[in-house]
Amino acid sequence: MNQRSNSSTTPAIHPHRPWDKHMEDATAEVFEMMVGGPIELMADAGTVAKGDITGMIGLAGALCGVLSIRCTQEAAGKIAYRMLGGSDTSASSLRDALGEICNMVAGNLKTKVPGVADSCMLSVPTVVSGEDYELYTMVDGERFQIAMNFEGLPIWITLSIHN
Amino acid sequence: MKKISVLIVDDSAVMRKIVERSLRQAGLELVKVLEAGNGVEALATLRGEKVDLILSDINMPSMDGLEFLKQLPTIESAKGVPVVMITTEGSESRVVEAISAGASGYIRKPFTPDQVKERVASLVEGLE
């Protein structure tokens, strides 16, 4: 997965209403129930995902690819703070929280695509952090990406899938 | 609500805390909360502790929730203890597999405290 659009190994981002809507709905439901804060589409976020922490989860089977959620440490801290009721916002909790969000968004997304829930498996989530990195995936297919606004900060959700 | 002791099994410490908080928000009075990061740890915990209710994730490293369910009858003190599975999968076949393996119910992530209450209330009321 390369969340920049200039890599030959990464499919271009396709505006695709059904997938975008599934991703938006899946993310909004997870945030509403587990984070407790409103989240909505961020139209003016641009096309390049930015942020120094990324949660990723692999999908295999009927829906095959990678779902990633990228944001700043500040945004991830706000997510963890809300999820834990302000009880613990250590670096490990922050990573754990983002990984779980990624896990739940992917799981929720599966249920929104007819025929996929029973025939798609999820991997254990992985979280990457750093000041400057690009993510590449070898998926030969399509890539869908949305940005959502959480407490004024962008959260990037990217789905790279095999055709 | 009765006072109960619970074992929460999940590889995510954040999720374990959220499950505990949801149980309390659902009105359960928890006198003891034990945690385990996977099925192996959960079985080890249950060899030394008795609980009234177990909530377990399905997807975990080392030993997943379904294998944990299958191994649970080997622990004498855990016989008859209701187990609620917590899963992100949303897969009917996984739920059926869990129920067949002995789960008393399931909760799908993401969940609200009300959904937790709905799933565990009858199980808790049935405890002696």
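Quick caveat: nothing in here was measured; it's all calculated off a predicted structure. As a convention, each chain's residues are numbered from 1 in the sequence order in which they are written. Following the order in which they are written, the chains are lettered starting with A and the ligands numbered starting with 1. Where local features are concerned, this predicted model is filtered to residues with pLDDT of at least 70; where side-chain atom pairs are given and counted, the filter is 80 or more; whole-chain, interface and lining totals use all residues.

Engineer: Quick question: what am I supposed to make of the overall build of chain A here?
Structural biologist: Scanning chain A from N- to C-terminus turns up 3 helices and 7 strands. Each helix and strand of chain A, ordered N terminal to C terminal, gives the series α-β-β-β-α-α-β-β-β-β. Note on burial: count the other C-beta atoms lying within 10 Å of the residue's C-beta; 20 or more is buried, 12 or fewer is exposed, in between is partly exposed, and C-beta positions come from the backbone. The 163 residues of chain A split such that 44% are buried. Distance between backbone-placed C-beta atoms decides contact: two residues are in contact if it is within 7 Å. When contacts within chain A are restricted to residue pairs at least 6 apart in sequence, those whose partners lie at least 24 apart make up 70%. Labels follow the DSSP assignment, with helices taken as runs of H or I lasting at least four residues and strands as runs of E lasting at least two, numbered in each case from the N terminus.

Engineer: What should I look at first to understand the nonpolar core in this one?
Structural biologist: A general trend in soluble globular proteins is that nonpolar side chains are found buried together. All names here are of chain A. Only buried residues count toward a nonpolar core: Ala, Val, Leu, Ile, Met, Phe, Trp, Tyr and Cys, linked into one set through C-beta atoms within 7 Å. Formed by 77 residues in total, the largest nonpolar core has its most connected members in Leu98 and Val105. In terms of residue count, the dominant contributor to this core is helix α3 (residues 91-112) (9 residues). Dropping the residues within four chain positions of it, Val105 is found in contact with Ala26, Thr27, Val30, Leu67, Ile69 and Ile157.

Engineer: I would appreciate a short explanation of the sheet that holds strand β5 (residues 105-108) of chain B in the present structure.
Structural biologist: All names here are of chain B. Here, a strand pair is defined by DSSP locating no fewer than two bridges between the strands. Taking strand neighbours across the sheet as the criterion, the 5 strands line up as β2-β1-β3-β4-β5 in an open arrangement whose pairing is parallel. The open sheet is flanked by β2 (29-36) and β5, the only strands paired with a single partner. This sheet shows a mean twist of 20 degrees between the axes of neighbouring strands, independent of strand direction. Of the pairings in the sheet, the one linking strand β1 (residues 3-9) to β2 comprises 7 bridges and is parallel in character. The residue bridging Leu7 from the neighbouring strand is Leu34, located in β2. Running at roughly 165 degrees to β5, helix α5 (residues 113-125) makes contact with β1, β3 (53-57), β4 (83-87) and β5 of the sheet. Axes, fitted as lines to C-alpha atoms, cover a helix only where it is in contact. Angles between the N-to-C directions of the axes lie from 0 to 180 degrees.

Engineer: Can you help me understand the interface of chain B and chain A in this one?
Structural biologist: In many reports, interface size means the accessible area that the parts give up when they come together. With 19 residues of chain B in contact, the opposing surface of chain A contributes 23 residues. Within the residue set of the side of chain B that touches chain A, elements represented by two or more residues are α1 (13-25) and α4 (92-100) of chain B. Taken together, the residues that form the side of chain B that touches chain A break down as 7 nonpolar, 7 polar and 5 charged. Asp, Glu, Lys and Arg are counted as charged, while Ala, Val, Leu, Ile, Met, Phe, Trp, Tyr, Cys and Pro are counted as nonpolar; the rest, among them Gly, fall into the polar class.

Engineer: Mind showing me how you'd approach unusual backbone geometry here?
Structural biologist: Peptide bonds are mostly trans, and most non-glycine residues show a negative phi. For the bond from Lys109 of chain B to Pro110 of chain B, the omega torsion is 0 degrees, close enough to zero to count as cis. With respect to the helices and strands, the residue Pro110 of chain B is situated in the loop between β5 and α5. Notably, Glu151 of chain A is not glycine yet its phi reads approximately 50 degrees, a positive angle. Along the polypeptide, Glu151 of chain A turns up in the loop between β6 (141-150) and β7 (153-162). With 15 C-beta atoms counted inside 10 Å, the residue Glu151 of chain A sits in the partly exposed group. Phi is positive for Ser62 of chain B, close to 70 degrees, though the residue is something other than glycine. You can see Ser62 of chain B is positioned in the loop between β3 and α3 (65-71). On the basis of neighbour counts, which here come to 12 C-beta atoms within 10 Å, the residue Ser62 of chain B falls in the exposed class.

Engineer: Is there a simple way to explain helix α2 (residues 39-46) of chain B in this structure?
Structural biologist: Structurally, the α-helix is built with 3.6 residues per turn, so residues lying three or four positions apart point the same way. Residue and element names in this part refer to chain B. Along α2, the positions that sit buried rather than exposed are Gly39, Ala42 and Leu46. One side of α2 holds all its buried residues, which, seen down the axis, span an arc of 60 degrees. Contacts made by the buried residues of α2 are with β1, β2, β3 and α3. By arc we mean the arc of the directions from the helix axis to the C-beta atoms, nothing more.

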